[in-house]
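Single-letter residue listing:
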Amino acid sequence: MAGIDFGLIVTGQAGQGLQVIAQALAGVFVRSGYHVFVSQDVMSRIRGGHNFTRVRIATKPVGADADRAQMLVALDAKLASLHLSELADDGLVLIDPDDGSRPETGHEIVAVPLRRLAREHGREVMTNSVALGAALALLQHDPEALRRPIQELFAGKGQAVADENLACARAGFDFVCAEGRTCRERIPRIAEDAGRLFLTGAQALGLGAIAAGVRLVAGYPMSPATPIFEFCARNAAEAGIAVELVEDEIAAINMALGAAFAGARAMTCTAGGGFCLMNEGLSLAGMTETPVVIMVGMRPGPATGLATRTAQADLLFCLSAGHGEFPRAVLAPADPEQAFHATIRAFRIAEEFQTPVIVLFDQFMADATRTIGNLQLPIANLQSAERQSLPEGAYRRYEASESGVSPFLRPGTKGQLVYVDSDEHNEEGHITESAEVRVRMVEKRARKAGGIAVMLEPPEVWPGPGRKTMVVGFGSTRGAVLEAVERLRGKGLDVGVLHICDIWPFPIDSVRAALEDSRRVITVENNWSGQVARLLRQEAGITAAGSVRRFDGRQFAVAEVAAGIERLAEGKTG
Amino acid sequence: MLTAEYWSRAGENAWCPGCGNFGILSALKQALAELQLEPWRVCIVSGIGQAGKLPHYVKCNFLHGLHGRALPTAIGVKLANPGLKVIAVGGDGDMYGEGGGALLHAFRRNPEIACFVHNNGVYGLTKGQASPTSAAGFRTRATPEGTALPGFNPLAAGIAMSGTFVARGFAGDREGLTRLMVLALKHKGFGFIDILQPCVTYNKVNTHKWYQERVFDIGTRQHDPLDIERALERAREWPEADPEGRIPLGLFYSAQRPSYDEQLPVLRQGAPVEARPDPRKVEQAIEEFRQHGRD
Amino acid sequence: MKPQEFNSTDPIAWCPGCGNFGIREAVKLALSELGIAPWQTCFVSGIGQAPKLPHYITCNLFNGLHGRTLPVAIGAKLANPELVVIAEGGDGDGYAEGANHFLAALRRNADITYLVHDNQIYGLTKGQTSPTSEMGMVTRSTPWGVIMPAFNAPALAIALDAGFVARGFAGNVPHLAGLIQQAIRHPGFALVDILQPCVSFNKVNTAKWYRHRVYELGKDEPHDPTDRRRAFFKAREWGDRIPIGVLYRSERRPYDIARATHGTTPLAAREPDPAVITRLTERFR
């Protein structure tokens, strides 16, 4: 059977429930044995405007949107015209003919009276469920598959509501069947239960934190980090964690540090702007050598920017944030699977080296839902860097050591005292201004970076056949880059990929080894100034020939990445 | 004479149908019209949230800034150009959460600006988390077990912080709200109004009807806004302990003390935006550092 | 334990005659009378001269950022409720930089004690106006005199129905020690605003100035701390007469730490449960 790679777009105004259609359809096909990738485009508002979701259904793992869609479902027909250029020539447009508008297009239009059927079988607000059923019918899939996703999505609103939505979906399905309309492509069930996990990056980050043993999460609402906080809140009772909604971001980082000082694993999550406010707190973590994990979600800035969109423009900021010099780690997972494992790694590094660790992600990674394989739960519990035995004399919090790490003790340990200070301090933890002690402390803290580096996962390398061109990126561009490169190789282009997750301390040796033989290095990144290119030059002395950049607040399309690489690889000025 | 409609700015509105913000917007335009101000003289400084979008819908100057930082910014605008009528606008998360500290100090400082807070008891733009004014027990995705903290009382805080104009209005009471706004805009000091409003999408507890059933005007109860202790007691009336309790609206407290602006000596020399550097003064300042060899 | 046993070896960096010495004595006295051992304490302080106090007694300490004492203290208490958590700072620390956290702490009512060393000036940075400087005071940052009324933290706390609000004076150590004891014993957020002279930079509110004015509520004058109206009035009394003592007590329940942490084992002592993680992960299958 030839492979299936089907793209679908659902568009409507905020408040029309298009997420429901997308999630339900995705649920149907995930359970039917497919790999599914769903990305959302959402405006910074609650009603109105223009939102859309892309759903990609495939027989192989996919990590980016389909270049072309084969079906467009427009809950608001006026919005359909915004997506026609993305629709394949033989793609279908599903609209409600009573919508008062009809897109001018050569594409085949499937008119389904969504609102009328919704009113007849439920309520007008269930228009989206009618569309869901209609879409499934066009794909010639078993209507029974609707039952479970709809039940899961609406059970919270009462069984009656769930039943009505199912009736509406069925009505949409039956209408299309009766008309005999179908999509050119049929997407049947191919596996009984592939048992894949289907989740967003935000959920994976939350799961990773819980798996790592987080005990306190402090945060303030800010897109795209809010879903992580809410995930932890939802599971707080079951997982036994304190989840604190605080007055501002500065309270969040400081509360996390207070909890960590007292011996509980702690984290906070925010976006770039909120992280700006946390900078002094980050510096405090470095100086006091208190472990903390800070999840920073990138979105287009500066300032408020595009609040619900994506970017990769805070990389250099995160690497150098917080005044003063102190070691840190920065991990930038590409997808939910990497997010889960990177988060566990982050807590491990933070605790073992008593240092802040940033898990850097972006809105695209946080909100896209995809199927992944299994998540490997940590084999052993995180070893706390806690002293296994009490010191002989008085405990000294900042006792010198070869590694730079001093044994940790929780305050409240009988008979011992812990002194922690944000001023420069001596080994006891008391304030000092001595030049000599200062030098020793700076060097002690700096020494930890060596140990941190050893804990990092090396970057992933897919060398090209002849090492002619190497494409470098980090974080969420991985899916689009890999697919683009595969396409280019199919055309005979000699191109390879270096993709970085654990990005700080910068893996200079691995990067040099991967790139030393290539004639041309190109970066792919979601920012204007080419931060990865600047980082390569700064840390590894490697000059990129150019960068494929996108900075309009949206994620890369595969075709766009491929075209960009092709242009730069062949030496045309990009 | 300019009407309220004159103050409208054409363009698409991003609020949900039925949002309390529409009532507040309407009252503001009416108040601006009644004061016979001119748009070019008015500057709204807002924060981030659905409320923060208000100045986009009013014909005047505006600075739509950072979450929680409208007040310091507004104070800066007014100090630089005292000729402007400056209004700070934001939601309850903005003004009482992120910006709570700034609000406390604004009451003390008493700058000549108005401050209108859209208080809907929830974080709307980020889709429904508990805010500082959410009542204890309010269930949201961020507080699934119900918030464990009591709601913040901005009026009590304002009175305790020596505020000179502490009032509460309601988005559903256009007339009363307009009246309060006119008073706040005329007030020679920090004119603060906490404006109760429903959030039709995310707050299913404090709905328009819920407020309508409870609000009443303290002006009808012979309230003396100069009596600070009575004002504090009134300010504390809220249906937290008693769900059937009533919610007072109106001017709770009004004090006479000079504004920050009228006491600041440098402002007596004129508006900073009009000032020009005086080379002689600069030279004088430099001369003070000159060291002479002989006396 | 005797108060002397709380002395630490760190040389004290305060000016001779500083009000902080009296506060230090009162803290040691209070801890020893309550029978709290140093290892059971957790002092969290900010930046200023006042926040150095924890270094000068034997205790666990986290001397963090200017203005950020309260969030750290609350985090520590959530992580290990068995600790006796005392947040400590100056008036700039507490009411300027830390104003927003002070406001939130009044709502949250976590079981911590907050001691504010209120000397109405910024001492460590050498003499700028603080939020509690009086109207008209001339300082390096307001040579034309302060033109805003002082930040009245006790009044704010009472208006927002805090559980325990007191004002003390560094020059009356036994009385202050008594207030600190009560504050520590209070289940919930307890504020003690402590008037103290700054011998180097505040030439107005000197020790003598305070001594002429302070009087003890409950001793020099009867006072019912449960009467909020009276308490609010007393909190705003300033000038020729300044009341010290417990201004206000209310029946607020402390922040439900047990619910926040879901159980009795302190967060700091828990290990992750693989069964829980497996269960949560399976929901995405």
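From a predicted model like this one, the values you see are computed outputs, not experimental measurements.

## Digging into the overall build of chain C
- Helix and strand counts for chain C stand at 10 helices and eight strands.
- For 285 residues, the compact-globule estimate of 2.2 N^0.38 gives 19 Å, and the C-alpha radius of gyration of chain C, at 20 Å, lies within 12% of that figure.
- Each of the three principal axes of chain C carries a C-alpha extent, and together these read 70 × 45 × 40 Å.
- Out of the 285 residues in chain C, the part that is buried amounts to 66%.
- Sequence-distant contacts in chain C: of pairs separated by 6 or more residues, those separated by 24 or more amount to 70%.
- One way to put it: in chain C the 31 positive side-chain charges average out to a point 3 Å from where the 26 negative ones average out.

## Considering the packing of aromatic side chains
All names here are of chain C.
- Tallying each qualifying case throughout the model produces 25 aromatic pairs over all chains.
- Ring centres of Phe-102 and Tyr-114 lie 6.1 Å apart, and the angle between their planes is 45 degrees; this geometry places the pair in the tilted category. Taken together, the positions of Phe-102 in helix H4 (residues 99-108) and Tyr-114 in strand E4 (residues 113-118) put the pair 12 residues apart, joining distant regions of the chain.
- Judged by its relative accessible area of 0%, Phe-102 is buried.
- Residue Tyr-114 is classed as buried on the basis of its relative accessible area of 3%.
- Centre to centre, the rings of Phe-169 and Tyr-210 are 5.5 Å apart; their planes meet at 45 degrees, and the pair counts as tilted. Placement of the pair is Phe-169 in strand E5 (residues 164-169) and Tyr-210 in helix H7 (residues 207-211), with a sequence separation of 41 residues.
- For Phe-169, a relative accessible area of 2% gives the class buried.
- We classify Tyr-210 as buried; its relative accessible area is 0%.

## Notes on the interface of chain A and chain C
- Listed as interface residues are 68 residues of chain A and, on the opposing side, 48 residues of chain C.
- Regarding the contact of chain A and chain C, the summed buried area is about 4,800 Å², with carbon and sulfur atoms giving 61% of it.
- The partner of A:Glu238 in a salt bridge is C:Arg279, and the shortest N-O contact between them spans 2.6 Å.
- Relative to strand E2 (residues 61-63) of chain C, strand E15 (residues 419-421) of chain A is paired through three bridges, and the arrangement is parallel. Among the inter-strand pairings, A:Asp421 is bridged to a residue of E2(C), identified as C:Asn63.

## A short note on empty space enclosed by the protein
- Taken as a whole and judged by the stated rule, the model has 11 cavities of 30 Å³ or more.
- Lining the largest cavity are 32 residues; nearest its centre among them are A:Leu245, B:Thr143, B:Thr147, B:Ala148 and C:Tyr255.
- Top contributing element to the lining of the largest cavity by residue count: H4(C), with five residues.
- Its residues assigned to classes, the lining of the largest cavity comprises 18 nonpolar, seven polar and seven charged.
- By volume, the second largest cavity is sized at about 60 Å³.
- Lining of the second largest cavity is provided by A:Gln40, A:Asp41, A:Val42, A:Thr308, A:Arg309, A:Thr310, A:Gln363, A:Gly553, A:Arg554 and A:Gln555.

## A look at helix H10 (residues 274-282) of chain C
- Of the residues making up H10(C), those classed as buried are C:Val276, C:Ile277, C:Leu280 and C:Thr281. The buried residues of H10(C) all sit within an arc of 130 degrees when viewed along its axis, so they share a single face.
- On its buried face, H10(C) is in contact with strand E7 (197-200), helix H6 (201-212) and helix H8 (236-239) of chain A.
- Put simply, C:Asp273 is the residue that caps the front of H10(C), since its side-chain oxygen is 3.0 Å from the backbone nitrogen of C:Ala275.

## As for the sheet that holds strand E4 (residues 69-74) of chain A
Residue and element names in this part refer to chain A.
- Strands sit in the order E6-E5-E4-E1-E3-E2-E14-E7 across an open sheet of eight strands; the sheet is mixed. Sheet topology places strand E6 (108-111) and E7 at the edges, where each strand pairs with a single neighbour. When the angles between neighbouring strand axes are averaged without regard to direction, this sheet yields 20 degrees.
- One ladder, built from four bridges, connects strand E1 (residues 5-14) with E4; its direction is parallel. When the bridges of E4 are listed, Val-10 appears paired with Val-73.

## Comments concerning the pairing of strand E8 (residues 242-249) of chain C
All names here are of chain C.
- Among the eight residues that make up E8, seven are buried, leaving the element largely enclosed by the rest of the structure.
- Strand direction decides the pairing type here: E5 and E8, joined by four bridges, are antiparallel. From the neighbouring strand, Val-165 faces E8, where its bridge partner is Tyr-248.
- Direction of pairing for strand E7 (residues 214-216) relative to E8: parallel, over a ladder of three bridges. Looking at E8, one finds that Glu-216 is bridged to Ile-244.
- Assessed by its sense of winding, the connection that carries the chain from E7 through helix H8 (residues 228-235) to E8 is right-handed.

## A word on the sheet that holds strand E9 (residues 215-217) of chain B
All names here are of chain B.
- Taking strand neighbours across the sheet as the criterion, the eight strands line up as E2-E1-E3-E4-E8-E7-E10-E9 in an open arrangement whose pairing is mixed. Each edge of the sheet is formed by a strand with only one pairing partner; in this case those strands are strand E2 (61-64) and E9. On average, each strand axis in the sheet is tilted by 20 degrees relative to the strand beside it, whichever way the strands run.
- Across three bridges, the pairing between E9 and strand E10 (residues 247-254) is parallel. Within the sheet, the bridge partner assigned to Asp-217 lies in E10 and is Leu-249.
- Contacts between helix H8 (residues 228-235) and the sheet are confined to strand E7 (165-170), E9 and E10, with E10 contributing the most and set at about 155 degrees to the helix.

## With respect to the UniProt feature "domain: Thiamine pyrophosphate enzyme TPP-binding" (unreviewed entry) in chain C
- On the UniProt side, "domain: Thiamine pyrophosphate enzyme TPP-binding" (unreviewed entry) is annotated at positions that read residues 52-194 of chain C here.
- As annotated, residues 52-194 of chain C comprises 34% helix and 19% strand, and the C-alpha atoms at either end are separated by 16 Å.

## So, the interface of chain C and chain B
- Chain C puts 30 residues into the contact, and the matching count from chain B is 39 residues.
- Between chain C and chain B the total buried area reaches about 3,000 Å² when both faces are included, carbon and sulfur atoms providing 62% of it.
- Counting the surface chain C buries against chain B, the share from its top three residues, C:Arg107, C:Ile147 and C:Arg229, is 25%.
- At the junction of chain C and chain B, the tally comes to three salt bridges.
- Salt-bridge contacts for B:Glu229 lead to C:Arg236; the nearest nitrogen and oxygen are separated by 3.9 Å.
- Viewed at the interface, chain B and chain C are joined by 11 residue pairs in polar contact (both at pLDDT 80 or more).
- Secondary-structure elements contributing two or more residues to the side of chain C that touches chain B are helix H3 (91-97), H4, helix H5 (153-159) and H8 of chain C.
- When residues in the side of chain C that touches chain B are grouped by element, the largest group, five residues, is from H4(C).
- In terms of residue class, the side of chain C that touches chain B is made up of 20 nonpolar, two polar and eight charged.

Reading guide: rules and limits
Residues numbered from 1 in each chain as written. Chains lettered and ligands numbered in written order. Predicted model: local features only at pLDDT ≥ 70, side-chain atom pairs only at ≥ 80, totals over all residues. Heavy atoms only, no water. Helix = DSSP H or I, 4+ residues; strand = E, 2+ residues; numbered from the N terminus. Rg over C-alpha atoms; globule rule 2.2 N^0.38 Å. Buried < 20%, exposed > 50% of the residue type's maximum accessible area, 1.4 Å probe, protein only. Contact = heavy atoms within 4.5 Å. Lys, Arg positive; Asp, Glu negative; His and termini not counted. Charge placed at Lys NZ, Arg CZ, Asp CG, Glu CD. Phe/Tyr/Trp six-rings, centres within 6.5 Å; stacked < 30°, edge-to-face > 60°. Buried area = accessible area lost by both parts, 1.4 Å probe. Salt bridge = Lys/Arg side-chain N within 4 Å of Asp/Glu carboxyl O. Pairing = 2+ DSSP bridges. 1 Å grid on protein atoms, 1.4 Å probe; cavity = no way out; pocket = protein on both sides within 12 Å on 5 of 7 lines; lining within 4 Å. Points joined across faces, edges and corners; volume = space filled by probe spheres on them. Nonpolar A, V, L, I, M, F, W, Y, C, P; charged D, E, K, R; others polar. Arc of directions from axis to C-beta. Polar contact = N/O pair within 3.5 Å; in protein donor to acceptor, adjacent residues only side chain to side chain. Axes fitted to C-alpha atoms, helices over the stretch in contact; angles between N-to-C directions. Right-handed = clockwise from strand over helix to strand, strands pointing away. UniProt positions renumbered as here; feature names shortened; annotations may be inferred.

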